[in-house]
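# Close look at the chain arrangement
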Amino acid sequence: MYAIDITDVTHPKIVDSMMTDSRIVNDVMTTEDGKLGVFSREGASNRKNGIVVFDASDPCHPKPVSEYTETVSGGVHSSYVYQGHAYITDDATGSMRVIDFRDPMHPKEVARWQTAQTAAGRYLHDIMVVDGLAYLAYWNDGLIVLDVGNGMKGGSPSNPQFVSQLKYDLNAVYARVEQLFGRGFVRGTHTAWRQGKYVFIGDEVYAAHPYKGLSDGNNLTFGRLHVVDVSDIMHPKEVAWYEPTDGGVHNVWVVGDTLYLGNYQGGARVLDISGELKGDLLRQGREMSWILTADSLGHRRAPFAWGAVVRDGNIFVPDINTGLWILRLEPRQQTVP
């Protein structure tokens, strides 16, 4: 895992790294005060994956201090740090685990929560925690909301309690993928972001077979951004959607009235989400800007934008094929009559 100095955003530079036994480091996040952090691991050679806790007090020179693998050796894809706890996904069982790392040298599991097992399997992909409510992107099971300290259901980090669920027919939504590219496809509720009265849910969808003409593997993705009204948290309902025509919806980031996303082969996108959201946001012209993150000098020339992180007006877009992009959104140009 690399530490990149972005003091001068026009000249980012790698200044340090942390080595770990894994094939993939997917998720990195620090505590609210920035003193500690957690990153996830998958594919370790010793089959002990889990998470690593690191000292982030010097952000350009982070240092691992401990790891937790005991109950999550099968791999952790995503994690979310909130008030001294890491809410993590367990690849092996499809469950959410809550790891207390307030004593960073001795992290420990304090809770486990999961949906019922089904014939389609159980897989939890992503978690976000806001105001004591955890929003789980639960693949086949849609969006699930848990009380992990809000109090509405008596929940706590060590005793998560079910609040509500929004499940939708993924097969029906993406039937055209199978019609166009052959039987079978990978699809699921992939990410969730709470902002105001809405939760923005992104789906990850892959065609079952590589598209003819693509070199470098199957980079053909699809996916819809569902806008869910949670004003009544007990009864979430979808009120709007955005579906790009040239990529999927991978990870999103929201600041105020603006949503930023990486949509894989479609590069990076910026959406206007101001006011009341209803219906088809793409047809309403809410797509404000985009950039195709392609580079002939990249690992692969084709773009594959993973997501977006926004800080101080800068948009950081990690692209799996072409590296880290740092962007700014310029004001819309006024039309001169």
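Above this text sits the structure in question.
Turning our eyes to something else, we now look at the packing of aromatic side chains. Overall, the coordinates contain 8 aromatic pairs when judged by the stated rule. Where Trp193 meets Trp253, the ring centres are 5.0 Å apart and the plane angle is 50°; that geometry is what we call tilted. Of this pair, Trp193 sits in strand E15 (residues 185–195) while Trp253 sits in strand E20 (residues 252–255), and the two are 60 residues apart along the sequence. Relative accessible area serves as the criterion here: at 13%, Trp193 is assigned to the buried category. Residue Trp253 is classed as partly exposed on the basis of its relative accessible area, which comes to 26%.

Next up on the list: the side chain of Asn49. Inspection of the secondary structure assignment puts Asn49 in the loop between strand E4 (36–40) and strand E5 (51–55). A polar atom in the side chain of Asn49 sits 2.8 Å from the backbone nitrogen of Ala44. In this view, Asn49 contacts Arg41, Glu42, Gly43, Ala44, Tyr68, Thr69, Val72, Ser73, Gly74 and Gly75; residues no more than four positions away in its chain are not counted.

Below, the discussion takes up the pattern of salt bridges. Any two side chains of opposite charge can pair if their charged atoms end up close together. Scanning the model with the defined rule gives 14 salt bridges in all. In this structure, Glu67 engages Arg41 in a salt bridge whose closest nitrogen and oxygen atoms are separated by 3.5 Å. Placement of Glu67 in strand E6 (residues 63–68) and of Arg41 in the loop between E4 and E5 is noted, with a sequence separation of 26 residues between them. Residue Glu67 is classed as partly exposed on the basis of its relative accessible area, which comes to 43%. Look at Arg41 and you get buried, because its relative accessible area is 4%.

With that out of the way, let us pick up the sheet that holds strand E22 (residues 268–272). Within the open sheet, the 4 strands sit side by side as E20-E21-E22-E24. Their pairing is antiparallel. Across the chains shown, the open sheet's two edge strands, defined by having one partner strand only, are E20 and strand E24 (287–291). Within the sheet, the average angular offset between the axes of one strand and its neighbour, ignoring direction, is 15°. Taken together, the 4 bridges between E20 and strand E21 (residues 258–262) define a ladder with antiparallel strand orientation. Its bridge partner being in E21, Val255 is matched across the sheet by Thr258.

Burial of nonpolar side chains together is a common tendency in soluble globular proteins. Counting 33 residues, the largest nonpolar core has Met96, Leu136, Phe200 and Leu259 as the members making the most contacts within it. Ranked by residues supplied to this core, first place goes to strand E11 (residues 126–130) with 3 residues. Leaving out residues up to four positions away in the same chain, Met96 has contacts with Tyr87, Ile88, Ala111, Arg112, Trp113, Leu124, Ile127, Leu136, Tyr138, Leu146 and Pro160. The next biggest cluster of nonpolar side chains, apart from the first, holds 22 residues, and it includes Tyr174, Ala207, Leu220 and Val228.

Take a nonpolar patch on the surface next. On the surface, Tyr2, Ile4, Ile6, Ile14 and Leu324 cluster together into a nonpolar patch covering about 480 Å² of accessible area. Residue placement: Ile14 occurs in strand E2 (residues 13–17). On the basis of relative accessibility, which here comes to 55%, the residue Ile14 falls in the exposed class.

Okay, the sheet that holds strand E14 (residues 161–166) next. Overall, antiparallel pairing links the 4 strands, which are arranged E11-E12-E13-E14 in an open sheet. This sheet does not close on itself; its edge strands, each paired only once, are E11 and E14. On average, adjacent strands in this sheet sit at an angle of 20° to one another, irrespective of strand direction. Summarising the sheet, strand E12 (residues 133–137) and strand E13 (residues 143–147) pair through 5 bridges and their orientation is antiparallel. Within the sheet, the bridge partner assigned to Tyr135 lies in E13 and is Val145.

Rules of the game
- Residues numbered from 1 in each chain as written.
- Predicted model: local features only at pLDDT ≥ 70, side-chain atom pairs only at ≥ 80, totals over all residues.
- Heavy atoms only, no water.
- Phe/Tyr/Trp six-rings, centres within 6.5 Å; stacked < 30°, edge-to-face > 60°.
- Helix = DSSP H or I, 4+ residues; strand = E, 2+ residues; numbered from the N terminus.
- Buried < 20%, exposed > 50% of the residue type's maximum accessible area, 1.4 Å probe, protein only.
- Polar contact = N/O pair within 3.5 Å; in protein donor to acceptor, adjacent residues only side chain to side chain.
- Contact = heavy atoms within 4.5 Å.
- Salt bridge = Lys/Arg side-chain N within 4 Å of Asp/Glu carboxyl O.
- Pairing = 2+ DSSP bridges.
- Axes fitted to C-alpha atoms, helices over the stretch in contact; angles between N-to-C directions.
- Core = buried A, V, L, I, M, F, W, Y, C linked by side-chain atoms within 4.5 Å.
- Patch = residues over 30% accessible without salt bridge, like charges linked within 9 Å, V, L, I, M, F, W, Y side chains within 5 Å.
- Areas by Shrake-Rupley, 256 points an atom, 1.4 Å probe, with all protein chains shown as cover.

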